[in-house]
Amino acid sequence: MDLLLGEFLERVYPSLTPVQAEAFVDLADMEDLELWPLVNGARASSDPVQAEVLALLRNVRVK
């Protein structure tokens, strides 16, 4: 998760809206076991902005 979040911060985070950036911070504060099902699509987020950020996270490729 650290690699994925790091790549996201480097590549995508600068282009987020303030609301999306806040949603990302909330996601990044989650424990990995709570975050991973959201990232891999096993669980959906009930927050629409968080869902947008998760979709962007899913498109990040780790080097």
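Cut-offs used in this document
- Residues numbered from 1 in each chain as written.
- Predicted model: local features only at pLDDT ≥ 70, side-chain atom pairs only at ≥ 80, totals over all residues.
- Heavy atoms only, no water.
- pLDDT = per-residue confidence, 0-100.
- Helix = DSSP H or I, 4+ residues; strand = E, 2+ residues; numbered from the N terminus.
- Axes fitted to C-alpha atoms, helices over the stretch in contact; angles between N-to-C directions.
- Parallel < 35°, antiparallel > 145°, perpendicular 65-115°, else oblique.
- Contact = heavy atoms within 4.5 Å.
- Nonpolar A, V, L, I, M, F, W, Y, C, P; charged D, E, K, R; others polar.
- Core = buried A, V, L, I, M, F, W, Y, C linked by side-chain atoms within 4.5 Å.
- Buried < 20%, exposed > 50% of the residue type's maximum accessible area, 1.4 Å probe, protein only.

### Quick notes on the confidence of the model for the protein
Looking at the protein as a whole, the pLDDT averages 95, with 100% of positions reaching at least 70. Mean pLDDT values for the elements of the protein range from 93 in helix 1 (residues 2-11) up to 97 in helix 2 (residues 18-28).

### Observations concerning the packing of helix 2 against helix 4 (residues 48-58)
Contact geometry of helix 2 with helix 4 gives a least axis separation of 9 Å together with a crossing angle of 75 degrees. On the basis of their axis angle, the class for helix 2 and helix 4 is roughly perpendicular. Counting all contacts with helix 2, which are made through Val-19, Gln-20, Ala-23, Phe-24, Asp-26 and Leu-27, the residues of helix 4 involved are Val-49, Gln-50, Glu-52, Val-53, Leu-54 and Leu-57. Its residues assigned to classes, the contact of helix 2 with helix 4 shows eight nonpolar, two polar and two charged.

### Some thoughts on the nonpolar core
Counting 17 residues, the largest nonpolar core has Phe-8, Leu-27 and Leu-57 as its most contacted members. Those elements that provide at least two residues to this core are helix 1, helix 2, helix 3 (32-39) and helix 4. Per element, the largest residue contribution to this core is four residues, and it comes from helix 2. If we skip the residues at most four places from it in the chain, Leu-57 touches Leu-4, Leu-5, Phe-8, Leu-27 and Val-39.

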